[in-house]
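These are the residues of each chain, in order.
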Amino acid sequence: MASNSAHISSDKRFVIFFDFDETIVDETSDDMVVQAAPGQHLPGWLKDTYQPGRYNEYMQRVLAYLAEQGVTESQIRSIMEKIPATPGMLTLFQFLRTRPPQDFEVVLVSDANTFFIESWLRRVGARQLFHRIFTNPATFNKDGRLVLRPFHSHDCPRCPNNMCKQVVVRDYVARRTQERGRPYQRVFYVGDGANDFCPALSLGPRDFAFPRRDFPMHRLITETHEAMPGEFKAVTVPWVSAEEVVQRLRKLVAE
């Protein structure tokens, strides 16, 4: 689902993309919601239904099971609101918030879902920072079940069936470049997972990838540099605290 924002100004110098799970928040929201289940765990028969590449469908079954167990919207929201931010992430948000309006267009691309993400962002007062949110749509139906749907379909062999973030990033940058009448000065991508490596592959030599240090995205970038030099083009800045991202952005905006 793309959040509605028809009126983004055309004067932004940069666009920065964020992943959500284990990038903005220090846990995986799909794992945290299991805390709402009886005994805080899922039955074996349900876990056994997972198939590689079909995680979205699995989570649809998990959410249906939680509803059957009487788990409410407020219980799920409360769990999401309690997830801690990653180290330095709120400092990075504050940096972006206090920059001149022409500096950053801020976009979130996540394989979580609208309800989990928006619950957390609103809790920390960061929802207005994001110009667009691309994620799997999730809404409560009249029976109180959180109904999850896939974001899109695609042909990328690297990514789960319901979301290729490279398709999202490439389409967004191309569309916005056309709308603006000029490209961004630089594109930034902040992530952690294997599905964040795919969009980072589309970045150019002036762009920056910010992988969380020693997480899958970082390892895949390192392996690609070793196996296929020149294939991964973006400048890579690994981070343990998002304050390291702030330090690099501060230098880049001053150029």
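Okay, so let's go over this structure.

Here is what the cut-offs are and how they apply
- Within each chain, residues carry numbers counting from 1 in the order of the written sequence.
- Per-residue local features are limited, in this predicted model, to residues with pLDDT of at least 70; the limit for side-chain atom pairs, both in listing and counting, is 80 or more; totals at the level of whole chains, interfaces and linings are taken over all residues.
- As a convention, hydrogens and water are excluded, and side-chain values are obtained from all of the structure's heavy atoms.
- Numbering goes from the N terminus for both helices and strands, where a helix is a DSSP run of H or I of at least four residues and a strand is a run of E of at least two.
- Relative accessibility under 20% of the residue-type maximum defines a buried residue, over 50% an exposed one, and the middle range a partly exposed one, all with a 1.4 Å probe and only protein chains included.
- In this tally, Asp and Glu contribute negative charge and Lys and Arg positive charge; neither His nor the terminal groups of the chain are included.
- Any Lys or Arg side-chain nitrogen located within 4 Å of an Asp or Glu carboxyl oxygen qualifies as a salt bridge.
- Pairs of N or O atoms within 3.5 Å make up the polar contacts considered here, provided that, within protein, one atom can donate a hydrogen while the other can accept it, and that residues adjacent in sequence are counted only when both atoms are side-chain atoms.
- Should any heavy atoms of two residues lie within 4.5 Å, those residues are counted as being in contact.
- The arc in question is traced by the directions running from the helix axis to the C-beta atoms.
- Only the contacting stretch of a helix is used when fitting its axis, a line to C-alpha atoms as for every element, and angles between N-to-C directions run 0 to 180 degrees.
- Angular relationships are summarised with four words: roughly parallel below 35 degrees, roughly antiparallel beyond 145, roughly perpendicular across 65 to 115, and oblique for the angles in between.
- By definition, any crossing whose near helix is turned counterclockwise from its far helix by less than a right angle is left-handed, and any crossing with a clockwise turn is right-handed.
- Expected span of a helix: the number of residues minus one, times 1.5 Å.
- Note: two strands are recorded as paired if DSSP finds a minimum of 2 bridges between them.
- Gly is put with the polar residues, along with every residue not named as nonpolar or charged; the nonpolar set is Ala, Val, Leu, Ile, Met, Phe, Trp, Tyr, Cys and Pro, and the charged set is Asp, Glu, Lys and Arg.

1. Some points on unusual backbone geometry
Point 1. Even without glycine at this site, Glu22 takes up a positive phi of about 60°.
Point 2. Along the chain, Glu22 falls in the loop between β1 (14-18) and α1 (29-32).
Point 3. Residue Glu22 is classed as partly exposed on the basis of its relative accessible area of 25%.
Point 4. You will see that Gln40, though not glycine, has its phi angle at about 60°, which is positive.
Point 5. Note on placement: Gln40 falls in the loop between α1 and α2 (44-47).
Point 6. For Gln40, a relative accessible area of 55% puts it in the exposed group.

2. A short note on the side chain of Lys12
Point 1. Structurally, Lys12 can be placed in the segment before β1.
Point 2. Buried charge without a partner: Lys12 forms no salt bridge, and the closest opposite charge is Asp11, 5.0 Å away.
Point 3. Polar side-chain contacts of Lys12 include one of 2.6 Å to the backbone oxygen of Pro101.
Point 4. Contact partners of Lys12, with chain neighbours within four places excluded, come to Pro101, Gln102, Asp103, Phe104, Glu105, His131, Arg180 and Tyr184.

3. Quick notes on the pattern of salt bridges
Point 1. Tallied over the full model, the rule gives 14 salt bridges.
Point 2. Between Asp103 and Arg99 there is a salt bridge, with the nearest N and O atoms lying 2.8 Å from each other.
Point 3. When its relative accessible area of 26% is taken as the criterion, Arg99 is described as partly exposed.
Point 4. Through salt bridges with shared partners, a single network forms among Glu105, Arg175, Arg176 and Glu179.

4. Overview of helix α4 (residues 73-81)
Point 1. Every buried residue of α4 is accounted for by Ile76, Ile79 and Met80. Down the axis of α4, the sector holding all buried residues measures 100°, keeping them to one side.
Point 2. At its buried positions, α4 is contacted by α1, α6 (114-123) and β4 (138-140).

5. Thoughts on the packing of helix α5 (residues 89-98) against helix α10 (residues 243-253)
Point 1. Their axes nearest at 8 Å, the elements α5 and α10 cross at an angle of 25°. By the angle between their directions, the pair α5 and α10 is classed as roughly parallel. Viewed along their axes, α5 and α10 form a crossing whose handedness is left-handed. Facing α5, whose interface residues are Thr91, Leu92, Phe95 and Leu96, α10 presents Glu243, Val245, Val246, Leu249 and Arg250.

6. Considering helix α3 (residues 55-68)
Point 1. When the terminal C-alpha atoms of α3 are compared, their 20 Å separation across 14 residues agrees well with the 20 Å that a helix rising 1.5 Å per residue should span.
Point 2. Inspection of α3 places Asn56, Tyr58, Met59, Val62, Leu63, Ala64, Tyr65 and Leu66 among the buried residues, and these make up the whole buried set.
Point 3. In this structure, the buried side of α3 is in contact with α1, α2, α6, β3 (132-136) and β5 (146-148).
Point 4. Just beyond α3, the residue with positive phi is Gly70, at close to 85°.

7. As for the pairing of strand β6 (residues 186-191)
Point 1. Most of β6 is tucked away, with 6 of its 6 residues classed as buried.
Point 2. Neither face of β6 is exposed, since Arg186, Phe188 and Val190 on one face and Val187, Tyr189 and Gly191 on the opposite face are all buried.
Point 3. Pairing analysis gives 5 bridges linking β1 to β6, with the strands arranged parallel. Within β6, the residue paired with Phe17 across the bridge is Tyr189.
Point 4. Of the strand pairs in this sheet, β6 and strand β7 (residues 208-211) are connected by 4 bridges, and their pairing is parallel. Pairing of Gly191 across the sheet is with Pro211, part of β7.

8. Some points on the packing of α4 against α6
Point 1. Look at α4 against α6: their axes get within 8 Å of each other, and the N-to-C directions meet at 60°. Relative to α6, the element α4 is oriented oblique. For α4 against α6, the interelement crossing comes out right-handed. Together, Glu73, Ile76, Arg77, Met80 and Glu81 of α4 and Phe115, Phe116, Ser119, Trp120 and Arg123 of α6 make up the contact between the two elements.
Point 2. A breakdown of the residues in the contact of α4 with α6 according to their chemical character gives 5 nonpolar, 1 polar and 4 charged.

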